[in-house]
Amino acid sequence: MNDLFDRLQTLKDRYEELGGLLSDPDVISDTKRFTSLSKEMADLRETVEKYDQYKKVTNLIKEDEELLREKLDDEMAAMAKEELADAKHEREKLEEEIKVLLLPKDPNDDKNIIMEIRGAAGGDEASLFASDLFDMYAKYAEKQKWSIEVLDKNVTEVGGFKEIALLINGDSVYSKLKYESGAHRVQRVPVTESAGRVHTSTATVVVMPEEEDVEIEIDPKDIRVDVYRSSGAGGQHINKTSSAVRMTHLPTGIVVAMQDQRSQQQNREKAMKILKARVYDYYSSKEQSEYDKNRKSAIGTGDRSERIRTYNYPQNRVTDHRIGLTLNKLDRIMNGDLEQVIDALILYDQTRALENLQNE
């Protein structure tokens, strides 16, 4: 624990330094710097509090051990032994909690996300399942007090989604939903099935951190922009003007088409937001794949075609195949009660990260 102790003391020193800086009039008047330092201090707070608890418990252990070396009556000795055992248990618990807090943090964890859900194999049933997944995430977002903005959608004749893109804003959205990328499989009797047979369909989910201008720069020369007239709903105005926008990122071949908004400028802004997220995701996924060749990833973003979860309606069962978790709560999960699944994925990821850290 010596190296860990040194690192914790360094963080505590920085925490105290930040407290002084945040009361400096020059810092207070600089909104950008004040906000940045406030966030850094907030990120350190829990670790420093755990470290303070750890030091108190360690001192208590030393005091009890010294006390037990003295001549005590039976009652006092029994009390000291009990207190010592409790303190050692508390110290072990704090050590594990501190190790998790010191794990390298995903720089995207605090970000908002762009999520894309697409109906995949299964025709109309796949599009309906994509719609069900959208409802599930929307209900979960509501429970987390996050907000959702639909950026683009392609509705099928049966009322499902061929694809839908949404922006989810809130506290640490990416940290909780980053494990949702992959293929989601559903087993149920489709509404269009007259014989009552169970069908298997899939929908894919991609979760990307929202990228701001300062975080990813795309050279305008690398983007081809085409404008054209919108089709579908929107009335005469939208069809008479070239308001739809198609952006192509030439180095990667990524294409984003947007026509939901009434003006070309609105479509440009939303198309660029999705394009930045997809380009960032493209390059970061390539880096992750290279990293995974050298050391097996915990969960990561994974292969986007990999089946990560099965939703079995006849048995009211959900299975996450990556961690072997099965819950007979499909009805509650589809109603947005995703906490148990997400908490299990986070715990699994942290456990694997700790193992990797200890093996290095």
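Everything numeric here is computed off the predicted structure, so don't read it as measured data. (Residues numbered from 1 in each chain as written. Predicted model: local features only at pLDDT ≥ 70, side-chain atom pairs only at ≥ 80, totals over all residues. Heavy atoms only, no water.)

Visitor: I'd like a rundown of the overall build of the protein, residues and numbers included.
Guide: Broken down by element type, the protein carries ten helices and eleven strands. By residue count, 39% of the 360 residues in the protein fall in the buried class. Taking as baseline every contact in the protein between residues at least 6 positions apart, the subset at least 24 positions apart corresponds to 62%. (Helix = DSSP H or I, 4+ residues; strand = E, 2+ residues; numbered from the N terminus. Buried < 20%, exposed > 50% of the residue type's maximum accessible area, 1.4 Å probe, protein only. Contact = heavy atoms within 4.5 Å.)

Visitor: Account for the UniProt feature "coiled-coil region" (unreviewed entry) in the protein, naming residues and giving values.
Guide: Listed under "coiled-coil region" (unreviewed entry) in the UniProt record, and renumbered for this structure, are residues 62-97. For residues 62-97, the helix share is 86%, the strand share is 0%, and the end-to-end C-alpha distance is 21 Å. (UniProt positions renumbered as here; feature names shortened; annotations may be inferred.)

Visitor: Can you lay out the nonpolar core for me, pointing to particular residues and giving the numbers?
Guide: Formed by 35 residues in total, the largest nonpolar core has its most connected members in M115, I117, L133, Y137, L177 and Y311. Every element with two or more residues in this core is listed here: β1 (113-119), α5 (123-143), β3 (161-169), α6 (173-177), β5 (199-209), β11 (325-327), α9 (330-333) and α10 (339-359). Here the element with the most residues in this core is α5; it accounts for eight residues. Setting aside its immediate chain neighbours within four residues, L177 contacts I113, M115, Y137, Y140, W146, I168, V207 and I342. Grouped together as the second largest cluster of nonpolar side chains are 18 residues, L151, I218, V256 and M258 included. (Core = buried A, V, L, I, M, F, W, Y, C linked by side-chain atoms within 4.5 Å.)

Visitor: Explain the packing of helix α3 (residues 31-68) against helix α4 (residues 74-101) residue by residue, including any values.
Guide: At their nearest, the axes of α3 and α4 sit 9 Å apart, and the two run at 155° to each other. Taken together, the axis directions place α3 and α4 in an arrangement best described as roughly antiparallel. For the pair α3 and α4, the crossing hand works out as left-handed. Each residue belonging to the contact of α3 with α4 can be placed in one class, and the counts come to 14 nonpolar, three polar and eleven charged. (Axes fitted to C-alpha atoms, helices over the stretch in contact; angles between N-to-C directions. Parallel < 35°, antiparallel > 145°, perpendicular 65-115°, else oblique. Left-handed = near helix turned anticlockwise from the far one by under 90°. Nonpolar A, V, L, I, M, F, W, Y, C, P; charged D, E, K, R; others polar.)

Visitor: Hey, could you go over a negative patch on the surface for me, with residue numbers and the actual values?
Guide: Together, E63, E66, E70, E82, E83 and D86 make up a region of like negative charge exposed at the surface. When contributions to the negative patch are tallied by element, the ones reaching two or more residues are α3 and α4. Counting residues per element, the negative patch draws most heavily on α4, at three residues. (Patch = residues over 30% accessible without salt bridge, like charges linked within 9 Å, V, L, I, M, F, W, Y side chains within 5 Å. Areas by Shrake-Rupley, 256 points an atom, 1.4 Å probe, with all protein chains shown as cover. Salt bridge = Lys/Arg side-chain N within 4 Å of Asp/Glu carboxyl O. Lys, Arg positive; Asp, Glu negative; His and termini not counted. Charge placed at Lys NZ, Arg CZ, Asp CG, Glu CD.)

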